[in-house]
Amino acid sequence: MSDLATTPPGGPVDRYAVVGHPVEHSQSPFIHAEFARQTGQALHYGRLLVPLDDFAGALRRFVADTAGGPVRGCNVTVPFKFEAARLATRLTERARLAEAVNVLCFDGDDWLGDNADGIGLVRDIERNAGVRLAGARVLLVGAGGAAAGALGPLLQAGPAELVIANRTVPRADALVQRHRAMAGAVQLRAALPAEAGTGFDVVVNATAASLQGADIPVPPGVFAPGALALDMMYGPAARGFIGWAEAQGARGRDGLGMLVEQAAESFARWRGVMPDTAPVLAALRARLAAAAR
Ligand code: ATR
């Protein structure tokens, strides 16, 4: 059910893990170990590989096994974010709207589900990339779990317009309908990628297209001059979209900053202290660059 990395080597401490399938390449254990060191917190964060057909059972066994210390929470990754939302006993408002959970907090039978992906994306765009979302024209490509998690916080950042482009328009439409009340003055609409429009200041690729070796999921011309083109993936999976966007004059950015920012939001929810993300993002980039050599 699990790999041994969910058991701490020393005495009992509060335990956490990233739960998914696959999880072996997850950078979350490194990120949370850095946050714990930086903030002087005693905890262990491991990896939990769970079978595709038994997420609930595997998670319950993980939480029940307190030999190495109490299990306080986990991050949930592909493909279990929707299932995690159904398993949680309570949801934050942003997780309820997303119908997807990437953070769980365990307190006995109380399983609180949150979604930190969107706020992680917004912080990366605004603080790390230095792009103001208020008043901007934003194109969100994709309407799966990744896009759903991003939508609420993107709307709350107050863009002038937000278009959700997906090859399956009804999925994008469903997201629009669920978030209609939150959109307020933001012009929010769903579209086919070919009909999304042009001149966007920020384009976020939240599709799994690159993982499948498929073509870029939007037509050329979507970028305003100097636009930010952010792929939620990182490493080789992000290169196709970023290279294509840069060839059109956009500024490419991968999903590593979003990954570190959502981890910080998770850490703050669990531990009550917000870590400094900049040194951890720099360390992570250096670590991945060294591994690629
Ligand atoms: P995740 O949780 O990672 O978002 P998902 O829920 O399976 O995964 O959603 C994947 C997204 O990538 C969807 O928007 C999907 O489009 P559909 O809703 O039309 O399936 C999109 N996607 C996957 N492969 C794609 C491809 N080859 N071209 C364009 N979009 C693709």
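The text that follows walks through the structure, step by step, so that each part is easy to find. (Residues numbered from 1 in each chain as written. Predicted model: local features only at pLDDT ≥ 70, side-chain atom pairs only at ≥ 80, totals over all residues. Heavy atoms only, no water.)

1. Some points on the site of the ligand
- Near the ligand, the surroundings consist of 16 residues, among which Ala143, Asn166, Arg167, Thr168 and Arg171 are the closest.
- Here Arg171 contributes a side-chain N or O atom positioned 2.8 Å from an oxygen atom of the ligand.
- Taking Ala208, its main chain carries an N or O atom lying 2.9 Å from an oxygen atom of the ligand.
- About the coverage of the ligand: the protein hides 77% of its 650 Å² of free accessible area.
- Among the residues making up the shell around the ligand, the classes are represented as seven nonpolar, seven polar and two charged. (Near = heavy atom within 4 Å. Polar contact = N/O pair within 3.5 Å; in protein donor to acceptor, adjacent residues only side chain to side chain. Areas by Shrake-Rupley, 256 points an atom, 1.4 Å probe, with all protein chains shown as cover. Nonpolar A, V, L, I, M, F, W, Y, C, P; charged D, E, K, R; others polar.)

2. A look at the nonpolar core
- Ranked by size, the top nonpolar core spans 35 residues in total, and within it Leu121, Ile125, Leu154, Leu162 and Ile164 carry the most contacts.
- Listed by contribution, the elements that provide at least two residues to this core are α5 (117-128), β7 (137-141), α6 (145-156), β8 (161-165), α7 (169-178), β9 (187-191), β10 (200-205) and β11 (223-231).
- Of the residues that make up this core, three or more belong to each of domain 1 (2-115 + 258-292) and domain 2 (118-254).
- Every residue in contact with Ile125, bar those within four places of it in the chain, is listed here: Gly130, Val131, Leu133, Leu154, Val202, Val204, Leu228 and Leu230. (Core = buried A, V, L, I, M, F, W, Y, C linked by side-chain atoms within 4.5 Å. Buried < 20%, exposed > 50% of the residue type's maximum accessible area, 1.4 Å probe, protein only. Helix = DSSP H or I, 4+ residues; strand = E, 2+ residues; numbered from the N terminus. Domains from an automatic or database assignment. Contact = heavy atoms within 4.5 Å.)

3. Regarding the side chain of Thr92
- One can find Thr92 in the loop between β4 (90-91) and α4 (93-98).
- For Thr92, a relative accessible area of 13% puts it in the buried group.
- Not counting residues within four places of it along the chain, the set of residues in contact with Thr92 comprises Leu112, Gly113, Asp114, Asn115 and Arg269.

4. Details of the environment of Glu195
- Structurally, the position occupied by Glu195 is in the loop between β9 and β10.
- Given the relative accessible area of 55%, Glu195 is considered exposed.
- Considering only alpha carbons, one finds Glu195 and Ala160, 35 residues apart in sequence, at a separation of 18 Å.

5. Re the side chain of Glu265
- Residue position: Glu265 is located in helix α10 (residues 256-271).
- Here Arg123 takes part through its side chain, which lies 2.7 Å from a polar atom of the side chain of Glu265.

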